[in-house]
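Here's the letter readout for the chains.
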Amino acid sequence: GDTGLLDYLLKHLADEVVSPEGEKLRRRHNATGHMEYWLQDPSSAHEEDMMVNNEINALSSELRQVREARNLLQSVREEAAQVARAVEGAKSEPMIPANGALHLPSTADQIAFDTLKASHESYVKRCDSEIKDLRQAIATLSRDYDDVKSKLVDMASLMDQIKDFINKGKLDSTLDDILTVD
């Protein structure tokens, strides 16, 4: 009906600067599910944008740390595998030194190795779980960023259309038609 243009404008102008003072039109669903619109002053809009950018930067930093931890974990895994192979080889082929005395790994050595191996496996599982969680958070942020980016592009195009519409003098008469009650 007559409110179609207003609905269209409100939907596509959300998160865009809509006044000469730099106010942004914001929209969100409230707790009951209704859409709310308001004008946000430039300083609070800037603060909100800075918070989002800080969160993105923090997650990027965490991702770098996770990558570093993963590389370290890989090298630890390789070293542990070498130790495991060496211990297995020592258990299956006892070393006989030049003096002819037979040396077998002690029970204490085996217990220490088994404990170290179990601890390492537990650590690897925790790291893998944390990496998975961080990847999900980064994927969510990436999708949110892409959504915001596409909305900005759509809104810029819409703003150009509205400016053309205003410059042609059609907006005032259209709004008067919409707001006129029969």
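Placed above this text is the structure.
Overview of the structure. (Residues numbered from 1 in each chain as written. Predicted model: local features only at pLDDT ≥ 70, side-chain atom pairs only at ≥ 80, totals over all residues. Heavy atoms only, no water.)

### With respect to the pairing of strand β3 (residues 35-40)
Bridge count between strand β2 (residues 24-29) and β3: 6 bridges; the pairing is antiparallel. Pairing of arginine 28 across the sheet is with glutamate 36, part of β3. In this antiparallel pair of consecutive strands, β2 and β3, the connection spans 5 residues, and glycine 33 shows a positive phi of 95°. (Pairing = 2+ DSSP bridges. Helix = DSSP H or I, 4+ residues; strand = E, 2+ residues; numbered from the N terminus.)

### A look at the pattern of salt bridges
Throughout the structure, instances matching the rule amount to 2 salt bridges. Here aspartate 15 ties to arginine 26 by a salt bridge, and the two come within 2.6 Å at their closest N and O atoms. Placement of aspartate 15 in the loop between α1 (4-13) and β1 (16-17) and of arginine 26 in strand β2 is noted, with a sequence separation of 11 residues between them. Among the residues examined, arginine 26 registers a relative accessible area of 4% and is labelled buried. Of the charged contacts in the structure, one is a salt bridge between arginine 28 and aspartate 15, with a shortest N-O distance of 3.8 Å. Of this pair, arginine 28 sits in strand β2 while aspartate 15 is found in the loop between α1 and β1, placing the two residues 13 residues apart along the sequence. Each member of the salt-bridge network shares a partner with another, and the members are Asp15, Arg26 and Arg28. (Salt bridge = Lys/Arg side-chain N within 4 Å of Asp/Glu carboxyl O. Buried < 20%, exposed > 50% of the residue type's maximum accessible area, 1.4 Å probe, protein only.)

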